[in-house]
Amino acid sequence: MTASHSDSLVVLFGATAGAYGAKLGSDERELILLVWQVVDLPSKKVGTLHKSLVKADNLELSDQCREVSGLTAEGLGKAEPLDRVLQQFIQLVSSDLKVFGRNSYTLCSDGQLLIRQVLHPETSKKNFLLSDCFYSFYDLRKEFHTCYPSSAAVKDQTIKTMAEYLGLGTDEAEEDFGVWQVKTMVAIIFSMLSENCDHIFTDPETVKYKYETGPCSKSETVDSETVIRARGLPWQSSDQDIARFFKGLNIAKGGVALCLNAQGRRNGEALVRFVNSEQRDLALERHKHHMGSRYIEVYKATGEEFLKIAGGTSNEVAQFLSKENQVIIRMRGLPFTATQEDVLGFLGPECPVTGGKEGLLFVKYPDGRPTGDAFVLFSCEEYAQNALKKHKEILGKRYIELFRSTAAEVQQVLNRYMSTPLIPTLPTPIIPVIPPPYTIATGSIRDCVRLRGLPYTAGIDDILDFMGDATADIKPHGVHMVLNQQGRPSGDAFIQMKSADKAFMVAQKCHKKMMKDRYVEVFQCSGEEMNFVLMGGTLNRSGLSPPPCKLPCLSPPAYAAFQTAAVIPAEAALYQPQALLPTARTPQASAAAPPAVTYYPAQAAQLYMNYTAYYPSPPVSPTTVGYLAAPPGAVAAAATATHTPLLPQPGALVRMQGLPYNTGMKEILSFFQGYHRDSLIS
């Protein structure tokens, strides 16, 4: 009996200092034991059984490991480190093969965890290379199920269940840990090689040597069962760094997509596409594994999310990315007048660009204006490293930033700029609404409470449940949730109570009470303090820091054009009340049930300008002020009622971004010097 891949198998078993069995490698613990034996397939003979302890950097063993293996920290302290053990493994296997006159072999392990989830990740972190033999192996569970289709599913197989299926009478208690497992695996292999089965080992599992870059088209179909989202990445991490984090698992070609924020910078997240669902499931087991000193969260994602980030339609980008196995560098801050010759001259002869000018891709707006960004291809890591050394060197009168990039980032940046309209249009007029009787509290009376440390998934219903009977003492429309700059819950909320005494009682009763799986801190505060935070200020132990609109160095936000019917920027209308407000609470049938109270603003016609629309750090909760798209008739009626036009006519509204924080009205007028002054002030 021969195998098309090799004539010999090396049956391999290992254990770590942590979890055992189905969770092997999921806790990032180091390898502490290797046991192996050579099996010559044609002669059905075996070589010497070898057992080797491995000295881990952390010798602390888990309770499960001590109980199952019987190993101790003292015994492991006398062992050799992993790199030396692997060298001995190669030497001893070669010696055993010579006895049978063989020179090639393939590993055979119980499942995929030892190879993919332990050996490859650990050696990658310790910065030494594995031998080629560890990039190809047979999964005994899969081979067994192929040979015996009526046996249990592959994911449910263990060495013990396979032995029981074949009726092998081996006693685990009679052998040392690891020795029994290898002997039983050898017996299972011999049963599969018998005349009844005549199994042939022909299709080994493979581990990719390196991650392959490549473009992705929006027309591709991406299976959602193959995609994960990694969160918490260092901002400077590249696709190769992410591939190294998932070392041992096979990522699809061009399957790493680094996510960018609204400013085009990396936000610490990436979408990763694997070759199949089995690899994706193994990747999910690396949740909270470490990249350097940071732990990385790993969650399921969808194919649609991956295509949204990595997919592209531009022929120019597809042609640029068609050159395989290239290192991509992103250049940012180029002078708008920079040419291809200027960039090639800046990089110099020590880092030649692949294809010369063809290896450069300038990012432009739809009208052809340069954005100051460009992508460059290099044929090898050495050239890319030389280019990165020029980070913040000067080209013209500007310093140039250089970063590692990915094919997906090229697609994202091009998609973002090419979708930018040439002439931005004003958004549909937005009317901020708040009912007349209810305004946000002011003054120094401490009749409010601040909730800090809320779960990010908490809504108004959760807060009211948390308050319990004290909900009867909340003022109508008195719950205000604070959002961060990205429009997500910040974990803070303010509640207006009917009196200072009620606020004091709530703070005493609910402080450090649990909401879901987190305890929430509750502090008494005043309406003035609440207003400062809702309008963008901060409240901490050092006192109050005023919001930007209250700083003395800034001009007051007096916009005559917005006195009545305010046109709020589209960014301010991040949330529609219908999507955010909780469903109506069903009152419990109880004699002591409090009267039905609305805790968020109802729709009303009164117009109210909220400074938070212009200073969203953090933006005010949509439960404090709702923004509704107003029909043209409503806006016109509101404007007519107060005889104030919506916009000065004739004229246009422009938005300025990137102003220095100490800019005043005088500096803005000087900036527009040469334009008609009356058109700037109304």
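For the structure itself, consult the block above.
Residues numbered from 1 in each chain as written. Predicted model: local features only at pLDDT ≥ 70, side-chain atom pairs only at ≥ 80, totals over all residues. Heavy atoms only, no water.

A. Just the sheet that holds strand β12 (residues 294-300), in detail. Ordered in space as β9-β10-β8-β12-β11, the 5 strands form an open sheet in which the pairing is antiparallel. Edge positions in the sheet fall to β9 (251-260) and β11 (289-291), since each of these pairs with one other strand and no more. Along the sheet, successive strands turn relative to each other by an average axial angle of 35°, direction set aside. Relative to β12, strand β8 (residues 227-231) runs antiparallel, the two being bridged by 4 bridges. Opposite R231, over in β12, you have E297 as the bridge partner. Sheet contacts for helix α14 (residues 407-418): β9 and β10 (266-274); angle to β9, the most-contacted strand, approximately 45°. (Pairing = 2+ DSSP bridges. Helix = DSSP H or I, 4+ residues; strand = E, 2+ residues; numbered from the N terminus. Axes fitted to C-alpha atoms, helices over the stretch in contact; angles between N-to-C directions. Contact = heavy atoms within 4.5 Å.)

B. Empty space enclosed by the protein, seen in detail. In the structure shown here, the tally under the stated rule is 5 cavities of 30 Å³ or more. Taken as a whole, the largest cavity encloses approximately 50 Å³ of empty space. Taken together, T213, G214, F320, L321, K323, E324, Q326, I328, L377 and A407 make up the lining of the largest cavity. Tallied by class, residues from the lining of the largest cavity come to 5 nonpolar, 3 polar and 2 charged. (1 Å grid on protein atoms, 1.4 Å probe; cavity = no way out; pocket = protein on both sides within 12 Å on 5 of 7 lines; lining within 4 Å. Points joined across faces, edges and corners; volume = space filled by probe spheres on them. Nonpolar A, V, L, I, M, F, W, Y, C, P; charged D, E, K, R; others polar.)

C. Structural context of the packing of aromatic side chains. Inspection of every chain in the model, using the stated rule, returns 12 aromatic pairs. Centre to centre, the rings of F144 and Y148 are 4.8 Å apart; their planes meet at 45°, and the pair counts as tilted. For the pair shown, F144 and Y148 are each scored as buried. Residue F144 is classed as buried on the basis of its relative accessible area, which comes to 0%. Linked through ring pairs, F13, Y20 and F177 together constitute an aromatic cluster. Over the ring of F336 we find R398; its NZ or CZ atom is 5.9 Å from the centre of that ring. (Phe/Tyr/Trp six-rings, centres within 6.5 Å; stacked < 30°, edge-to-face > 60°. Buried < 20%, exposed > 50% of the residue type's maximum accessible area, 1.4 Å probe, protein only. Lys NZ or Arg CZ within 6 Å of the ring centre and 35° of its normal.)

D. Representation of α14. With 12 residues, α14 should reach 16 Å at 1.5 Å per residue; the first-to-last C-alpha distance of 16 Å fits that figure. In terms of residue burial, α14 counts as a mostly covered element, since 9 of its 12 residues are buried. If you check which residues of α14 are buried, you get A407, A408, E409, V410, Q411, Q412, V413, L414 and Y417. (Expected span 1.5 Å × (residues − 1).)

E. Quick peek at the sheet that holds strand β14 (residues 360-364). With respect to topology, 5 strands assemble into an open sheet ordered β14-β15-β13-β17-β16, the strand pairing being antiparallel. The sheet is open, and its two borders are formed by β14 and β16 (393-395), each paired with just one other strand. For this sheet, the mean inter-axis angle between neighbouring strands, taken without regard to orientation, is 35°. Here 4 bridges tie β14 to strand β15 (residues 370-378), and the two strands are oriented antiparallel to one another. Bridge pairing links L360 to V376 in β15. Across the sheet, helix α13 (residues 381-388) lies against β13 (327-332), β15 and β17 (398-404), angled at about 145° from β17, the strand it touches most. Running at roughly 30° to β14, α14 makes contact with β13, β14, β15 and β17 of the sheet.

F. Looking closely at helix α7 (residues 179-192). The first and last C-alpha atoms of α7 sit 20 Å apart over 14 residues, in line with the 20 Å expected at 1.5 Å per residue. In terms of burial, α7 is largely enclosed, as 11 of its 14 residues are buried. If you check which residues of α7 are buried, you get V179, W180, Q181, V182, T184, M185, V186, I188, I189, S191 and M192.

G. Representation of the packing of helix α5 (residues 140-147) against α7 within the structure. Interhelical geometry of α5 versus α7 gives an angle of 30° and a closest axis separation of 11 Å. Overall, the two elements α5 and α7 adopt an arrangement that is roughly parallel. Remark: the crossing between α5 and α7 carries left-handed chirality. Across the interface between the two elements, L140, E143, F144 and C147 from α5 touch M185, I188, I189 and M192 from α7. (Parallel < 35°, antiparallel > 145°, perpendicular 65-115°, else oblique. Left-handed = near helix turned anticlockwise from the far one by under 90°.)

H. Layout of the pattern of salt bridges. Tallied over the entire structure, the rule returns 34 salt bridges. A salt bridge links R330 to D373; its shortest N-O distance comes to 2.5 Å. Of this pair, R330 sits in strand β13 while D373 sits in strand β15, placing them 43 residues apart in sequence. Among the residues examined, D373 registers a relative accessible area of 5% and is labelled buried. (Salt bridge = Lys/Arg side-chain N within 4 Å of Asp/Glu carboxyl O.)

I. Highlighting the nonpolar core. Core analysis: the largest hydrophobic core is formed by 49 residues, its most contacted members being L12, F89, L107, L119, F134 and F246. A per-element tally of this core places helix α3 (residues 82-100) first, with 7 residues. Formed by 33 residues, the second largest nonpolar core is a distinct cluster that contains A56, L140, M192 and F201. (Core = buried A, V, L, I, M, F, W, Y, C linked by side-chain atoms within 4.5 Å.)

J. A look at unusual backbone geometry. Residue E28 is not a glycine yet carries a positive backbone phi of 65°. Relative to the helices and strands, E28 is located in the loop between β1 (8-16) and β2 (31-40). With relative accessibility at 25%, the residue E28 sits in the partly exposed group.

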